[in-house]
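What the coordinates show
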Amino acid sequence: MTNSATVVTFFSLLHVGFLLMGGTKGYSPRPPHASPRASAPRASHLKSGRTALAASILPNSSDGGDKTSSPLLPRLIVFDLDNTIWTPELYQLRNLKRSNQYPTAHRDVKLFKGSEVLLETIRRDREMNGRYVNTQFAVASRTKSVDWAHHLLKEFDLKSTVFDHVEIFPGDKTKHFANLRQATGIDYKDMLFFDDARDGKYGNCEPVSSLGVLAVHCPAGLHDEEIYGNALNHYKKWRFNATPGTIIEWDNSVTIVKPVDSKQRHVGEVRYINSQKRFGFIEYGDRSTKDVFFHFSNVDVAVNVGDELTFNVVKERGKLAASNIEVAKADNDDDLVDFRVFSMNLPFAALLSNGYKTLETRNGTMFVPYEPGTKMLLHVGQRIYPDGNRHIDVMKSGGLKEQEIEKLKSLPPGFRKGHAVAIVELGETYETSIEQRSDPDFQRSVGAFGKDSGMRATQIRRVEYLKRPVKVSGRGGVFHAKVPRDVIPDGWLESNNSLVDQEQKGENI
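These remarks concern the structure in this document.

Conventions used here
Residues numbered from 1 in each chain as written. Predicted model: local features only at pLDDT ≥ 70, side-chain atom pairs only at ≥ 80, totals over all residues. Heavy atoms only, no water. Helix = DSSP H or I, 4+ residues; strand = E, 2+ residues; numbered from the N terminus. Buried < 20%, exposed > 50% of the residue type's maximum accessible area, 1.4 Å probe, protein only. Contact = heavy atoms within 4.5 Å. Salt bridge = Lys/Arg side-chain N within 4 Å of Asp/Glu carboxyl O. Pairing = 2+ DSSP bridges. Expected span 1.5 Å × (residues − 1). Disulfide = S-S within 2.5 Å. Polar contact = N/O pair within 3.5 Å; in protein donor to acceptor, adjacent residues only side chain to side chain. Axes fitted to C-alpha atoms, helices over the stretch in contact; angles between N-to-C directions. Phe/Tyr/Trp six-rings, centres within 6.5 Å; stacked < 30°, edge-to-face > 60°. Lys NZ or Arg CZ within 6 Å of the ring centre and 35° of its normal.

**Here we look at the overall build of the protein chain**
- Each helix and strand in the protein chain was counted, giving 14 helices and 20 strands.
- A buried classification covers 50% of the 509 residues belonging to the protein chain.
- Contacts spanning at least 24 positions in sequence make up 74% of the contacts within the protein chain whose residues lie at least 6 apart.

Have a look at this one:
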């Protein structure tokens, strides 16, 4: 390591010490679109500044003189792995999986800049029996690549030097926390948890927070050590009441997920049915809800996938289920239009909807069958696309400022994941070379670097937000959905070659 690199790493560690002392008060948190930088191998030979570093992370015994304050630190701090501590997510390393190779730390998988500095600070503090003498650290990961995750923890030298407990297995993450509570004897209210997935089918923050754990949602990973410092400050205040369901959001705001009201009526759509076992799932609500189970015995009439139901949500045998189910009154078919729909995850769905992204690239042939002028609805998927925030660097290369970028990455109020949000007119679809995809103008049109883009590019001729969002069950590829006619912006239904009524006219598309 060069002398300059040593100085940079040293001052980064001092900065984390400052944050751990509550030094973020009065600071605005850096939003998650700040570009994470891939880590270099740990500077294990860094020796200078130990005394100053130790002093910076030792707790202040007075803590402002308030001896009745809640504990300075949680007794157990738990981290997710994929897209929280490191990037990319392990399931994305398909080439290594096919060739039966293990990923290599610092090459195939890299620590986020913030997590690298944070973990190194924790490691050094523990070597000195410093601030974390009464705090344990753990991993809770639901990856299916269990062996790979254990292997990488060893390669990053984290398994024994930082983490006291490691829970890695697929499934509901509340089971990971049940194991941690049993292993440590620590109450949920004395735990702090960092994860990139908030809610929905793959969400972790919401179910874990319902146990009484304070959860921190970091969709762009621990890209900045301030995320951790802000979370500790929130924990000190939260611990007085320890309200279950509390989530610290990516923007440093706090959300409390409300408990289920069994008297409230909900409207949802049948998402899945198992006719043989006589049960199914209903999709409803917003980002804070999961699909709810229902049994045929609670429905008076036969239902099919896509039917709209009204129902109450109750707890049965410890799990949420729909009860008092009725089939909702269907809209008049004359008031509905049938559109083709394709799904994209944020932030790219917002970049396209806001007119920044004028090319969509895919390696598959999804848009190949459709002529220029075809109109489709854009659906927002349930996940954040894990590109390591490289789109930020692409957008900045065109001179955009962070405030402008954040606006382009955001949907309007009321528009969110799970909604059809915009109508799009496609242009030509054509194949590209890596040289074409590496052109700066091309990269800015896609919102991605050439190496991250697909080989087939589809032009976006025009796009406009719907008059209001429509909840649609997303699927892969191009699929169909009926939406109210009055949500379509003016002028888009004339000579519309995207409607399925073309097929009703005998066109084979």
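**A look at the pattern of salt bridges**
- In the structure shown here, the tally under the stated rule is 24 salt bridges.
- Here Asp157 makes a salt bridge to Arg123, at a shortest N to O gap of 3.5 Å. Here Asp157, found in the loop between helix H5 (146-155) and strand S5 (165-168), pairs with Arg123, found in helix H4 (residues 113-127); they are 34 residues apart in sequence, far enough to count as distant.
- Residue Arg123 is classed as buried on the basis of its relative accessible area, which comes to 4%.
- The partner of Arg271 in a salt bridge is Asp291, with the nearest N and O atoms 3.8 Å apart. Of the two residues, Arg271 is situated in strand S10 (residues 266-274) and Asp291 in the loop between strand S11 (279-284) and strand S12 (292-295); the sequence distance between them amounts to 20 residues.
- Residues participating in the shared-partner salt-bridge network are Glu120, Arg123, Arg124 and Asp157.

**Comments concerning the pairing of S12**
- Because side chains alternate across S12, one face comprises the buried residues Val292 and Phe294, and the other comprises Phe293 and His295, none of which is buried.
- With four bridges joining them, S11 and S12 adopt antiparallel strand pairing. The residue of S12 that forms the bridge with Gly280 is Phe294.

**Things to note about helix H8 (residues 226-238)**
- With 13 residues, H8 ought to run about 18 Å at 1.5 Å a step, and its terminal C-alpha atoms sit 18 Å apart, in line with that.
- Buried residues of H8: Glu226, Ile227, Tyr228, Gly229, Asn230, Ala231, Leu232, Asn233, His234, Tyr235, Lys236 and Trp238, and no others.

**A word on the state of the cysteines**
- If you walk through the whole model with that rule in mind, you get zero disulfides.
- You can see Cys205 has no disulfide; the closest cysteine sulfur is in Cys218, sitting 6.8 Å from it.
- Accessibility expressed as a relative area gives 0% for Cys205, which makes it buried.

**Some details on the environment of Glu431**
- Tracing the backbone through its elements, the reader meets Glu431 in strand S18 (residues 419-431).
- Separated by 24 residues in the primary sequence, Glu431 and Met455 place their C-alpha atoms 5.7 Å from one another.
- When residues no more than four places from it in sequence are discounted, the contact partners of Glu431 are Gln436, Met455 and Arg456.
- Only 3.5 Å separates the side chain of Glu431 from the side chain of Arg456, close enough to count as a polar contact.

**Topic: unusual backbone geometry**
- Put simply, Thr87 and Pro88 share a cis peptide bond, and its omega is 0 degrees.
- As for its placement among the helices and strands, Pro88 is situated in the loop between strand S2 (86-87) and helix H3 (94-98).
- In this model, Asn129 sits at a positive phi of 50 degrees, which is unusual for a non-glycine residue.
- Relative to the elements of secondary structure, Asn129 occurs in the loop between H4 and strand S4 (136-141).
- If you check the backbone angles, Arg278 has positive phi at about 60 degrees while not being a glycine.
- Inspection of the secondary structure assignment puts Arg278 in the loop between S10 and S11.
- Take Arg278: its relative accessible area is 41%, and that puts it in the partly exposed class.

**Here we look at the sheet that holds strand S16 (residues 359-362)**
- The six strands are arranged S16-S19-S18-S17-S15-S20 in an open sheet whose pairing can be described as mixed. Two strands in the sheet have a free side with no partner beyond their single neighbour: S16 and strand S20 (478-484). Across the sheet, the mean angle from the axis of one strand to that of its neighbour is 50 degrees, orientation sign disregarded.
- Strand direction decides the pairing type here: strand S15 (residues 336-346) and strand S17 (residues 375-384), joined by five bridges, are parallel. Following the sheet pairing, Val341 is matched in S17 by Leu377.

**Here we look at the packing of aromatic side chains**
- The final tally for this structure, using the stated rule, is 17 aromatic pairs.
- Here the aromatic rings of Phe177 and Phe193 are separated by 4.9 Å at their centres, their planes lie at 75 degrees, and the arrangement is edge-to-face. Of this pair, Phe177 sits in helix H6 (residues 173-184) while Phe193 sits in strand S6 (residues 191-195); the two residues are 16 residues apart in sequence, bridging distant segments of the chain. Phe193 shares its class with Phe177; the two are buried.
- With a centroid separation of 5.7 Å and 25 degrees between ring planes, the pair formed by Phe279 and Phe293 is classed as stacked. Here Phe293 lies in strand S12 and Phe279 lies in strand S11, a separation of 14 residues in the sequence.
- Residue Phe279 is classed as buried on the basis of its relative accessible area, which comes to 19%.
- An aromatic cluster of at least three residues, connected via ring pairs, comprises Phe79, Phe163, Phe194 and Tyr228.
- When the ring centre of Trp148 is taken as origin, the NZ or CZ atom of Lys97, which lies over that ring, is 4.1 Å away.
- Taking NZ or CZ as reference, Arg462 lies 3.8 Å from the ring centre of Trp492, over its face.

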